[in-house]
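Residue-level structural notes
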Amino acid sequence: MMHIRRHEMRRLSAALAGSALVLALAGCGGGGDEGSSDKLTYAGFGGITQEVQSETQLKPFAKEFGVKVTETQPAEFAKLKVMVESKNVSWDVIDGLGYMTGPNCGTLFEPLDFDVIDTTNIPDDMVSKCSVPMYLSAQMLFYNGKEFKEGEAPTTWADFFDVEKFPGKRGISKDVTAGALELALLADGVKPEDLYPLDYKRALKKLDTIKDHFVYWSTGAEQQQQMESGQVSIMMGWPGRAYGAAQNDASFEPVWGATLFVFDVFAVPKGTPHLETAMKYINYAIGAGPQAAFADKVPYAAVRSDVKPSSDPMIAKFAPTLDKREQYKFVTQDMEWWGDNIDAMVKAWTAWTAG
Amino acid sequence: MTKKQTVQGRRAPFWGVLPAGGLVGVFFFLPLALLLWRSFSEPSLGLQNYTELLGDPTAKTILIRTFVVAFTITAATVLLGYPYAYVMTRVGPRARTLLMAIVLIAFWNSLLAKSFAWIIILQDSGPLNDLLKALGLSPVHLLGTQAGVTLGMIQVLLPFAILPLYATMLTIDRSLMPAAQGLGARRSVAFVKVYLPLTVPGIMAGSLLVFVLSLGFYITPDLLGSPQNSLLSQLIGVHVQRLLDFPGAGALGASLLVLTLVVIAVAARLARGLYAVRAKDG
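A few points on the structure. From a predicted model like this one, the values you see are computed outputs, not experimental measurements.

For the rest of this paragraph, the subject is the overall build of chain B. For chain B, the count of helices and strands is 14 helices and 0 strands. Secondary structure elements of chain B, listed N to C terminal, follow the sequence α-α-α-α-α-α-α-α-α-α-α-α-α-α. Burial statistics for chain B: of 282 residues in total, 40% are counted as buried. In chain B, the proportion of contacts linking residues at least 24 apart, taken out of those at least 6 apart, comes to 71%.

The following block contains the structure:
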């Protein structure tokens, strides 16, 4: 059984973020070691994703370049903010998301050195001043193959809202950035090219029509559990979790026609003492060899167009590859827009859900 | 009262409080003060974080919900814990050890483990619904609802009600009830007039513990509930983790602290009032 814990720790680690704040404020933070350029600390989100990254990217890099690599998790954004503000940065490279790096480029994150980092074969729209893609993911619809027969199963965003034709609970993320607003607007007939700026009021109104049918998840584990226990009939979630559920005898089928394309990014916290090594590592990890080795083992896809899909048919079934992106015309989440609007969206979402 | 009187003529070994006091001071009161300060000083000096909070209907809804849930849980744990604690004082030593062990094992178990177990129990295909179906009743949807959260929290917090109740009941003279009955009171009257008033300190201590703990509970409601019934601690979580709004979270935390202190003050008042009435009766 394979558990893919991508953002598992994000919520439970509020306490950690809090204690980091306390330490930083009290001036007692343990300092990262200064200067030396042959060290690197990578902060990810744990689980199998980081395990495979460690095995296929971090360890080979350490060996090849003679760098002492330390790994940690979770790469909490709150914790990172406290680190940078207190000038006590102990992470050199992190697993981040575009909405973090976009608006905080130059303040919380170092601009990347594209003389060192080679982005040939990586789609331009995924590269920004402070970030390059780490691996490809998606927020997409999955339906329970045991409840809906092929041909009678949901195939579009709109089907998610048709609770008469497709009865059963719907799983969505507690996190507004995960894509519920995009889902609602696309289902309501907004064209993908007109999606941003998001008309969030219209989106919430649409979501309100089936509010009683939602089941929320906050971690990948919870998401997978909801699929395995049959708590939901349709899930808007991560491919890795549907894959994990499939390994435990659940059968949630991907709806590629309803896929919101997202990707995690490599980013470098502002003020890291190991800037050069960080750039060198990022260039290494997005290289063809390490990307292929990673994508062969987990159902998240390589960021390069010159990497072939996994040879494992189960992984290939769930991986949101660049080829599928082309074929099914995935809608790409506009992280720049999210970066500028995240606070307003979190507030509106909290008011809608909890109010 | 002077210092001398409290220590009965001898100087207390003051340094004894230093290690614990220092720990609490540096790692609790100092950060608390800093967080409070940030809630008044950021983004600019003033009350803006608090006025924003007052004008926010979501915060108000969640605050009321949090207090309703906390009251429900307090009432339920005391009602369930009272007879349990009472029986503990009445049975033989062996049965008492067993009853105590049951409470303590539930108490010592990991909160996370208990909360995850409740997810399994409450889910639509879980044992609780299987039982209802077996009894011919219609299944209920509990996971992700306020009822589910309340149920889970009652179990988690029950020991906090039972233990103070039991401690208080242990100190009550066992011959009082027979004495009252000997003087002609019916058993129920003796209980209400004699026994119950003597357990008021235990009821108060248990209620306060449970009430204050439920106001700030995070993990159990987060795992068993849904955003549609979030409590105050989850709203604070949203401010810290999603909005990176430490001042706003500080303002929410400070409001919760003040409201909690108010509740404690009112409860202490009430308890004192009850004693006074009893003293007059006597």
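What follows concerns the interface of chain B and chain A. Across the boundary between the two partners, chain B contributes 32 residues, which contact 34 residues of chain A. Taken together, the two surfaces of chain B and chain A that pack against each other cover about 3,000 Å², and 61% of this comes from carbon and sulfur. In this structure, D175 of chain A and R242 of chain B form a salt bridge, with 2.7 Å as the shortest nitrogen-oxygen distance. Taken together, chain B and chain A are joined by 11 residue pairs in polar contact (both at pLDDT 80 or more). For the side of chain B that touches chain A, the secondary structure elements donating two or more residues are helix 2 (18–41), helix 4 (57–90), helix 6 (111–122), helix 12 (219–224) and helix 13 (232–242) of chain B. The class makeup of the residues in the side of chain B that touches chain A is 17 nonpolar, 9 polar and 6 charged.

This part is about the state of the cysteines. Residue and element names in this part refer to chain A. Tallied over the entire structure, the rule returns 1 disulfide over all chains. Here C105 engages in a disulfide with C130; their sulfurs sit 2.1 Å apart. The sign of the 80 degrees torsion about the S-S bond sets the C105-C130 disulfide as right-handed. With C105 in the loop between helix 5 (98–101) and strand 4 (132–144) and C130 in the loop between helix 5 and strand 4, this residue pair connects regions lying 25 residues apart in the sequence.

Attention now moves to the environment of L170 of chain B. Along the polypeptide, L170 of chain B turns up in helix 8 (residues 146–170). A sequence separation of 80 residues divides L170 of chain B from R90 of chain B, and the C-alpha atoms of the two residues are 9.5 Å apart.

All names here are of chain B. Judged by side-chain polarity, L23, V24, V26, F27, F28, F29 and L30 come together as a nonpolar surface patch covering roughly 650 Å² of accessible area. Looking at where V26 falls in the secondary structure, it is placed in helix 2. Judged by its relative accessible area of 37%, V26 is partly exposed.

Attention shifts here to unusual backbone geometry. Here the bond from Y196 of chain A into P197 of chain A is cis, since omega is -5 degrees, no more than 30 degrees from zero. Tracing the sequence through the fold places P197 of chain A in the loop between helix 6 (180–187) and helix 7 (200–208). Note that the residue after E42 of chain B, namely P43 of chain B, is joined by a cis bond; omega there is -5 degrees. On the secondary structure map, P43 of chain B appears in the loop between helix 2 and helix 3 (48–54). In this structure, N121 of chain A is a non-glycine residue whose phi angle is positive, near 75 degrees. Mapping N121 of chain A onto the fold places it in the loop between helix 5 and strand 4. A relative accessible area of 33% places N121 of chain A in the partly exposed class.

Residues and elements named next belong to chain A. Taking burial as the measure, the 9 residues of helix 4 (residues 77–85) include 8 buried ones, the bulk of the element. Taken together, the buried positions of helix 4 are occupied by F77, A78, K79, L80, K81, V82, M83 and V84. Among the residues trailing helix 4, K87 stands out with phi positive, at a value near 50 degrees.

Residues and elements named next belong to chain B. The topology assignment puts K114 in helix 6. Distance in space between the C-alpha atoms of K114 and M88 is 24 Å, their sequence separation being 26 residues. Here K114 is in contact with A106, F107, N109, Q155 and V156, once residues within four sequence places are set aside.

Moving on, we get to the pattern of salt bridges. Residue and element names in this part refer to chain A. Under the definition given, this model contains 9 salt bridges over all chains. For the salt bridge of K297 with E55, the shortest nitrogen-to-oxygen distance reads 3.4 Å. Here E55 lies in helix 3 (residues 47–65) and K297 lies in the loop between helix 11 (288–295) and helix 12 (313–318), a separation of 242 residues in the sequence. Judged by its relative accessible area of 45%, E55 is partly exposed.

Residue and element names in this part refer to chain A. Across the two faces of strand 5 (residues 170–173) the burial is the same, with R170 and I172 and G171 and S173 all buried. Two elements, strand 5 and strand 6 (residues 214–217), share 4 bridges in a ladder whose sense is parallel. Across the sheet, the residue bridging to S173 is W217, located in strand 6. Note that strand 5 and strand 7 (residues 234–237) share 2 bridges and pair parallel. Bridged to R170 within strand 7 is I234.

Scoring rules and cut-offs
Residues numbered from 1 in each chain as written. Chains lettered and ligands numbered in written order. Predicted model: local features only at pLDDT ≥ 70, side-chain atom pairs only at ≥ 80, totals over all residues. Heavy atoms only, no water. Helix = DSSP H or I, 4+ residues; strand = E, 2+ residues; numbered from the N terminus. Buried < 20%, exposed > 50% of the residue type's maximum accessible area, 1.4 Å probe, protein only. Contact = heavy atoms within 4.5 Å. Buried area = accessible area lost by both parts, 1.4 Å probe. Salt bridge = Lys/Arg side-chain N within 4 Å of Asp/Glu carboxyl O. Polar contact = N/O pair within 3.5 Å; in protein donor to acceptor, adjacent residues only side chain to side chain. Nonpolar A, V, L, I, M, F, W, Y, C, P; charged D, E, K, R; others polar. Disulfide = S-S within 2.5 Å. Patch = residues over 30% accessible without salt bridge, like charges linked within 9 Å, V, L, I, M, F, W, Y side chains within 5 Å. Areas by Shrake-Rupley, 256 points an atom, 1.4 Å probe, with all protein chains shown as cover. Pairing = 2+ DSSP bridges.

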